[in-house]
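Below are the chains, spelled out letter by letter.
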Amino acid sequence: MSVLVFAESWNGSFKKGTFEALTFAHDTAKKLNLECVAVTLGNIKDDVNKISSFGVDKIVCVSFDYNNCDNKGISSALAHVAKKENSNIIIISNSNTGKSIGPRLSIDLDAAFISNVVDIPSKNTPITIKKKAFSGKAFEIAQTESFKSILAISPNSYTITENSNPNCQQETFNFSSETANVISEKIEKSTGNISLADAEVVVSAGRGLKGPENWGMIEELADLLNAGTACSKPVSDLGWRPHGEHVGQTGKAIAPNLYIAVGISGAIQHLAGVNSSKIMVAINTDPDAPFFKAADYGIIGDAFEVIPKLIEEIKNFKANN
Amino acid sequence: MKILVCISNVPDTTSKIEFNDDSSEFKTEGIQFIINPYDEFGLTKAIRLRDKHGGKVTVVHVGTSASDPTLRKTLAIGADEVIRIDSKPKDSYSVAKELAKVISEQEFDLIITGRESIDYNNGAVPGMLAAILDLPFVNACTGFSLNEDSATMEREIEGGKEFIKASLPLIIAGQKGLVEESDLIIPNMRGIMSARTKPLITVKTNGTPEKSESIKFEKPVTKQECKMIDAGKEKELVTLLHNEAKVI
């Protein structure tokens, strides 16, 4: 038996979530005393040896010409490797790709599927695991009732640690799947944005900013902190910012190290999507804004005065550090 | 065009989540249940497609009679009929299996689900359904338009969006973008009256064994009190974020 981890790549590069999944897989395999096998799909431009620094026992490189939207093809390739490696635990990242392939893979392998996982199994046979539920308002302890389990790791929930393994093996084989039943026609990149799922810092703003023309200072602050930008639901509903930026219960759930909320009152639906952030800062004119009950640091003040000063102070800080 | 919309019955987004004394079950007393918001975008899209291209919108749900008020609402909004699979949902796998049984007995051109439900957030049913029925599947779908015998879809990807083509029948897991928030339909009196006479069919089931089970729930740890910094002293915040929180 083994733990199999999908070392997901996008355009040939590994993502932060991949390293989280690798660390998670290594720790799970160690705890359950199983072999840890990583699998890469397609043409990898990054150095594959990067993976070996996470302590895996074996890397299987599948030479496979696939498209990112072909969930059936990706799933069949992974199922093939999982059967070959006799894997009873399969770890994936709960990324857009992970969400598209995980449930499908569970049917292909007749396995249980648990998503939004935040910690390694506390127990084997049956696998007992902690996951997020109720859109971040609670955690659920789930137990699987089948021999195989697929675990999808919630982004930014597991600390990345390197573990060397000098005896890491590597093998390569070719795979081809049936013709894809979904065809990618075009990809449109959103300009210069840091993906919210991967962002370590997120700067978010709400209706308190009064209009889309005032987002310049939010973007400037985000640039300084190398942060992603987000917004509240009303702002996305009003069309001030794109839907992809809406964080909250019915938008994206995020878990950055630092979340700065500007002019967002902190309704329960908003907090549900962001309260997994490690540190939250609220800036609001209203001293009774519910966000001040959830935040770690708060400033009661007008965003139009506070943000320019904060930008200045961060510039000073960066100049001195 | 025959469209199937899979609906979850979930606690209203403003609900405070509480559990019973041994934390094994979600407490439903006093909770208002609603159509899962992601599913409502899909339902609205289905109604628009039917109004444009003709056909029928069928809603399907796995649940007990406690879900009937929510299901009546889907009829008031504009669905033509509801099929309720009479079973207490256990896990994503058993729900997907139950849905697949009903779907394979009829022919649908398009199956729409929400990206995930806002209660258990597994996001697993649509992908499982696609695998069981061997249909093309697009997750996190933010746009859908119909061509002759195929469809063009938009989906969210890391750092942008992707346009995807697939032939019908197919499954999409939708979210906002499929329609806008302002497109959602608030039932009017005529809709509510007609919902009373539209069919709400109950289907018995022998059940499907589940593959996973919730055994316990926990509430997140409550944070320490918020440290307030006076406006004008932004430098102090930067120092705290660096020295104390160690996040910059």
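Undergrad: What is the right way to read the overall build of chain A from this model?
TA: Helix and strand counts for chain A come out as nine helices and 17 strands. Taken against the 2.2 N^0.38 rule, which gives 20 Å for 321 residues, the C-alpha radius of gyration of chain A at 21 Å falls within 12% of a compact globule. Its C-alpha atoms give chain A principal-axis dimensions of about 60 × 40 × 40 Å. A burial count over chain A gives 57% of its 321 residues as buried. When contacts within chain A are restricted to residue pairs at least 6 apart in sequence, long-range pairs at least 24 apart make up 63% of them.

Undergrad: Any chance you could explain the overall build of chain B here in plain terms?
TA: In terms of regular secondary structure, chain B is built from six helices and 13 strands. Reported as C-alpha extents along the three principal axes, the dimensions of chain B are approximately 65 × 45 × 40 Å. Within chain B, the proportion of its 248 residues that are buried is 48%. In chain B, 71% of the contacts between residues at least 6 apart in sequence involve partners at least 24 apart.

Undergrad: Whenever I open this one, the sheet that holds strand β17 (residues 297-300) of chain A confuses me. Can you help?
TA: Remark on secondary structure: sheet strands pair via backbone hydrogen bonds, oriented parallel or antiparallel. Taken in spatial order, the six strands line up as β14(A)-β13(A)-β15(A)-β16(A)-β17(A)-β13(B) in an open sheet, and their pairing is parallel. Of all strands in the sheet, those with a lone pairing partner are β14 (228-231) of chain A together with β13 (227-230) of chain B, marking the two edges. The sheet shows a mean angle of 20° between the axes of neighbouring strands, taken without regard to direction. Both β17(A) and β13(B) contribute to a ladder of four bridges, which runs parallel. What sits directly across from Y297(A), in β13(B), is K227(B). Against the sheet, helix α6 (residues 234-244) of chain B makes contact with β15 (258-262) and β17 of chain A together with β13 of chain B, and its axis sits at roughly 170° relative to β17(A), the strand it touches most.

Undergrad: Would you take a moment to explain the nonpolar core for this structure?
TA: In summary, soluble globular proteins display a tendency toward joint burial of nonpolar side chains. Core analysis: the largest hydrophobic core is formed by 112 residues, its most contacted members being V5(A), L22(A), V39(A), I91(A) and V5(B). Leave out the neighbours within four places in its chain, and I91(A) touches V3(A), V5(A), A21(A), F24(A), A25(A), T28(A), L151(A) and I153(A). Within the second largest apolar cluster, 52 residues are counted, among which are A205(A), L209(A), Y259(A) and L271(A).

Undergrad: In this structure, what is going on with the confidence of the model for chain B? I would like to understand it.
TA: Predicted coordinates in regions of low pLDDT should not be interpreted in detail. Averaged over every residue, the pLDDT of chain B is 95; residues scoring 70 or more account for 100%. For this predicted complex, the interface confidence comes out at an ipTM of 0.94, alongside a pTM of 0.93.

Undergrad: Is there a simple way to think about helix α3 (residues 92-105) of chain B in this case?
TA: For an α-helix, 3.6 residues make a turn, and residues three or four places apart therefore share a direction. For α3(B), with 14 residues, the first-to-last C-alpha span of 20 Å sits near the 20 Å given by 1.5 Å per residue. When α3(B) is considered as a whole, its buried residues turn out to be S92(B), Y93(B), S94(B), V95(B), A96(B), K97(B), E98(B), L99(B) and I103(B). If you follow the buried residues of α3(B), they end up packed against β7 (112-117) of chain A together with β1 (2-6), β4 (56-63), β5 (81-86), β6 (110-114) and α4 (125-133) of chain B.

Undergrad: Sorry if this is basic, but what is going on with the pairing of β6(B) here?
TA: In summary, the side chains of a regular strand alternate between the two faces of the sheet. Residues and elements named next belong to chain B. Along β6, five of the five residues are buried, which leaves the element largely enclosed by surrounding structure. On β6, burial covers both faces: L110, I112 and G114 on one face and I111 and T113 on the other are all buried. Alignment of β1 against β6, held across three bridges, turns out to be parallel. Opposite L4, over in β6, you have I111 as the bridge partner. Pairing of β6 with strand β10 (residues 170-174), which is carried by five bridges, proceeds in the parallel orientation. Among the inter-strand pairings, T113 is bridged to a residue of β10, identified as A173.

Undergrad: Even after reading the chapter, I still don't get the packing of helix α3 (residues 71-84) of chain A against helix α4 (residues 96-109) of chain A, so can you show me in this structure?
TA: Each pair of packed helices gets described by two things: the angle between the helix axes and the distance between those axes. Residues and elements named next belong to chain A. Running from N to C, α3 and α4 point in directions that differ by 50°, and their axes come no closer than 9 Å. By the criterion of interaxial angle, the relationship of α3 to α4 is oblique. Crossing of α3 over α4 shows right-handed handedness. Contact with α3, carried on its side by N71, K72, I74, S75, S76, L78, A79 and A82, involves S100, I101, R104, L105, D108 and L109 of α4 and no other residues of that element. Counted by class, the contact of α3 with α4 contains seven nonpolar, four polar and three charged residues.

Undergrad: Would you take a moment to explain the domain arrangement of chain A for this structure?
TA: Size of an interface, as often reported, equals the accessible area lost when the parts are brought together. Residue and element names in this part refer to chain A. Each assigned domain of chain A is listed with its residue range as follows: domain 1 (2-174) and domain 2 (201-320). The C-alpha centroid of domain 2 is placed 32 Å from the C-alpha centroid of domain 1. Across the boundary between the two partners, domain 1 contributes seven residues, which contact eight residues of domain 2. In terms of residue class, the side of domain 1 that touches domain 2 is made up of one nonpolar, five polar and one charged.

Undergrad: When you look at the sheet that holds strand β12 (residues 183-189) of chain A in this model, what are you seeing that I'm missing?
TA: Read across the sheet, ten strands follow the order β12(A)-β9(B)-β8(B)-β7(B)-β10(B)-β6(B)-β1(B)-β4(B)-β5(B)-β11(B) without closing on themselves; strand pairing throughout is mixed. The two strands at the open ends of the sheet, each matched to only one other strand, are β12 of chain A together with β11 (200-203) of chain B. This sheet shows a mean twist of 30° between the axes of neighbouring strands, independent of strand direction. By the bridge criterion, five bridges tie strand β7 (residues 137-146) of chain B to strand β8 (residues 150-157) of chain B in an arrangement that is antiparallel. Residue pairing across strands places G143(B) opposite E154(B), the latter belonging to β8(B). The sheet strands contacting α3(B) are β1, β4, β5, β6 and β11 of chain B, and the helix crosses β4(B) at an angle near 145°.

Undergrad: Would you explain the environment of G123(B) in this entry?
TA: Residues and elements named next belong to chain B. Assignment of secondary structure puts G123 in the loop between β6 and α4. Owing to 27 C-beta atoms within 10 Å, G123 belongs among the buried residues under this scheme. Sequence separation of G123 and A140 is 17 residues, and the distance between their C-alpha atoms is 9.8 Å.

Undergrad: How should unusual backbone geometry be read in this particular structure?
TA: With the exception of glycine, most residues fall at negative phi, and the peptide bonds are largely trans. Note that the residue after T125(A), namely P126(A), is joined by a cis bond; omega there is -5°. For the peptide bond that leads from L168(B) to P169(B), omega is -5°, which places it in the cis range. Mapped onto the elements of the fold, P169(B) is located in the loop between β9 (160-167) and β10. Residues other than glycine seldom take positive phi values, yet K210(A) does so here, at roughly 70°. Tracing the backbone shows K210(A) in the loop between β13 (201-205) and α5 (216-224). Its identity is not glycine, yet N226(A) carries a phi of approximately 55°, on the positive side. On the secondary structure map, N226(A) appears in the loop between α5 and β14.

Rules of the game
Residues numbered from 1 in each chain as written. Chains lettered and ligands numbered in written order. Predicted model: local features only at pLDDT ≥ 70, side-chain atom pairs only at ≥ 80, totals over all residues. Helix = DSSP H or I, 4+ residues; strand = E, 2+ residues; numbered from the N terminus. Rg over C-alpha atoms; globule rule 2.2 N^0.38 Å. Buried ≥ 20, exposed ≤ 12 C-beta atoms within 10 Å, placed from the backbone. Contact = placed C-beta atoms within 7 Å. Pairing = 2+ DSSP bridges. Axes fitted to C-alpha atoms, helices over the stretch in contact; angles between N-to-C directions. Core = buried A, V, L, I, M, F, W, Y, C linked by C-beta atoms within 7 Å. pLDDT = per-residue confidence, 0-100. Expected span 1.5 Å × (residues − 1). Parallel < 35°, antiparallel > 145°, perpendicular 65-115°, else oblique. Left-handed = near helix turned anticlockwise from the far one by under 90°. Nonpolar A, V, L, I, M, F, W, Y, C, P; charged D, E, K, R; others polar. Domains from an automatic or database assignment.

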